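# Tertiary structure, described
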Amino acid sequence: MTPVDVGGVRFGGPQLALVAGPCAIEDAETTLSAARGLAAIARELGVPWVFKASFDKANRTSGGSFRGVGLTEGLAVLRAVRDELGVPVTTDVHEPGQAEAVAEVAALLQIPAFLCRQTDLLVAAGRTGRAVNVKKGPFLAPRDLGHAVEKAAAAGAGGVLVTERGTTFGYGDLVVDFRSLVWLRELGVPVVFDATHSAQRPAAHGDRSGGDRALGVALGRAAAAVGVDALFAEVHPDPARARSDADTQLPLGGFRDVLRSWLAVDAAQRG
């Protein structure tokens, strides 16, 4: 497996990496507050990390749901986080035409799970030369994600990561098959586990998704025990008031202890 460098953060090296931040960019103040808090935690625990927040949540259950602040304002906020804290940032790219603009700010371009087979999107992201994180669709077999990896890599991506975030389990629920982490490893790229999206229950509230954040904490420990290169978590200063994924985002105030528990399991797994 070839490690991938994302703005100085190594995925696939001897140390567990972290991708974390609020689900959506709600405003500059909330986003910067989350980023500063996460930076302090990562610094204290010695964890290399990438900040994540989305300028657009284009796959919300309802057309009336909050989507974000849009490309221009969102990239300005992400640039402020990057410049103030010196941390690489990542965000979702939903359309091929967004890739170049996002790549000017983000060191890692994220392909949303429901778009993981979209060839034009994967190629556009790869052509920027940035690293690309392909999130596995909940409808896709792990080994089949290899085709997406090949598309992005062939287009010139500066490395590819793959992320597990649960598999559709009947209607309205997800389950994590931890064999997936082993099979994704066969693709020869770093493997990330998304603890918080894996705890979702799609459309559980009718017009929006639900979930159980406590399960996300436990699933993160389980993934660390199997062995991954990075853990992904959506973290918000006040999840109950979050405008997306309120049920599954982890509270910033308790995230230090959560991350410490993940790191302890990862250290034991690495021997």
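The sections below set out a description of the structure shown in this document. Just so it is clear, the model here is predicted, and its values are computed rather than measured.

### Looking at the pattern of salt bridges
- All chains considered together, the criterion is met by twelve salt bridges.
- The closest approach of N and O atoms between Asp-194 and Lys-135, which form a salt bridge, is 2.5 Å. Placement of the pair is Asp-194 in strand β11 (residues 191-194) and Lys-135 in strand β7 (residues 131-135), with a sequence separation of 59 residues. Comparing Asp-194 with Lys-135, the two get one shared label, buried.
- In this structure, the salt-bridge partner of Arg-143 is Glu-186, at a minimum N-O distance of 3.0 Å. With Arg-143 in the loop between β7 and α5 (146-154) and Glu-186 in the loop between α6 (179-185) and β11, this pair connects stretches of sequence that are 43 residues apart.
- When its relative accessible area of 45% is taken as the criterion, Arg-143 is described as partly exposed.

### As for the environment of Leu-121
- Mapped onto the elements of the fold, Leu-121 is located in helix α4 (residues 119-127).
- By relative accessible area, which is 3% here, Leu-121 ends up buried.
- Setting aside residues no more than four positions away along its own chain, Leu-121 makes contact with Val-93, His-94, Glu-95, Pro-96, Ile-111 and Leu-115.

### As for the packing of helix α1 (residues 28-45) against helix α2 (residues 71-85)
- Interhelical geometry of α1 versus α2 gives an angle of 30° and a closest axis separation of 10 Å. With respect to α2, the element α1 is oriented roughly parallel. Like other packed secondary-structure pairs, α1 and α2 cross with a definite hand, here right-handed. When α1 is examined against α2, the residues Ala-28, Thr-31, Leu-32, Ala-35, Arg-36 and Ala-39 are found in contact with a partner set consisting of Val-77, Ala-80, Val-81, Glu-84 and Leu-85.
- Here the residues of the contact of α1 with α2 sort into eight nonpolar, one polar and two charged.

### Details of the pairing of strand β3 (residues 17-21)
- Among the five residues of β3, five are classified as buried, and the element is accordingly described as predominantly covered.
- Alternating positions in β3 separate into two faces, Ala-17, Val-19 and Gly-21 on one and Leu-18 and Ala-20 on the other, with burial throughout.
- The sheet contact formed by β3 and strand β14 (residues 230-236) spans five bridges and is parallel. Looking across to β14, one finds that Ala-17 is bridged to Ala-230.

### So, helix α8 (residues 255-270)
- Compared with an ideal rise of 1.5 Å per residue, which puts 16 residues at 22 Å, α8 spans 22 Å between its outermost C-alpha atoms and is within 8% of the ideal.
- Considered for burial, the residues of α8 that qualify are Phe-255, Val-258, Leu-259, Trp-262 and Asp-266. Viewed along the axis of α8, the buried residues span an arc of 90°, placing them on a single side of the element. Along α8, exposed side chains directed more than 90 degrees from the buried face belong to Asp-257 and Ala-268.
- As for α8, its buried residues are in contact with β3, α1, α7 (213-226), β14 and β15 (250-251).
- Of the residues flanking the end of α8, it is Gly-271, one or two places downstream, whose phi is positive at about 80°.

### Brief notes about the pairing of strand β5 (residues 89-92)
- Of the two faces of β5, the one lined by Val-89 and Thr-91 and the one lined by Thr-90 and Asp-92 are each fully buried.
- As paired elements, strand β4 (residues 49-52) and β5 share two bridges and run parallel to each other. Within β5, the residue paired with Phe-51 across the bridge is Val-89.
- Pairing of β5 with strand β6 (residues 108-111), which is carried by three bridges, proceeds in the parallel orientation. Opposite Asp-92, over in β6, you have Gln-110 as the bridge partner.

### What about unusual backbone geometry?
- Residue Asp-245 is not a glycine yet carries a positive backbone phi of 50°.
- With respect to the helices and strands, the residue Asp-245 is situated in the loop between β14 and β15.
- Among the residues examined, Asp-245 registers a relative accessible area of 14% and is labelled buried.

### Brief notes about the packing of aromatic side chains
- By the definition in use, this model includes three aromatic pairs.
- Consider the rings of Phe-178 and Phe-193, whose centres lie 5.9 Å apart with planes at 40°: the pair is tilted. Note that Phe-178 is positioned in the loop between β10 (174-175) and α6 and Phe-193 in strand β11, a separation of 15 residues in sequence.
- Residue classification places Phe-193 among the buried residues on the basis of a relative accessible area of 0%.
- Taking the centre distance of 6.0 Å and the plane angle of 80° together, the rings of Phe-255 and Trp-262 count as edge-to-face.
- Taking the ring centre of Phe-232 as reference, the NZ or CZ of Lys-135 above it sits at 4.2 Å.

Here is what the cut-offs are and how they apply
- Residues numbered from 1 in each chain as written.
- Predicted model: local features only at pLDDT ≥ 70, side-chain atom pairs only at ≥ 80, totals over all residues.
- Heavy atoms only, no water.
- Salt bridge = Lys/Arg side-chain N within 4 Å of Asp/Glu carboxyl O.
- Helix = DSSP H or I, 4+ residues; strand = E, 2+ residues; numbered from the N terminus.
- Buried < 20%, exposed > 50% of the residue type's maximum accessible area, 1.4 Å probe, protein only.
- Contact = heavy atoms within 4.5 Å.
- Axes fitted to C-alpha atoms, helices over the stretch in contact; angles between N-to-C directions.
- Parallel < 35°, antiparallel > 145°, perpendicular 65-115°, else oblique.
- Left-handed = near helix turned anticlockwise from the far one by under 90°.
- Nonpolar A, V, L, I, M, F, W, Y, C, P; charged D, E, K, R; others polar.
- Pairing = 2+ DSSP bridges.
- Expected span 1.5 Å × (residues − 1).
- Arc of directions from axis to C-beta.
- Phe/Tyr/Trp six-rings, centres within 6.5 Å; stacked < 30°, edge-to-face > 60°.
- Lys NZ or Arg CZ within 6 Å of the ring centre and 35° of its normal.

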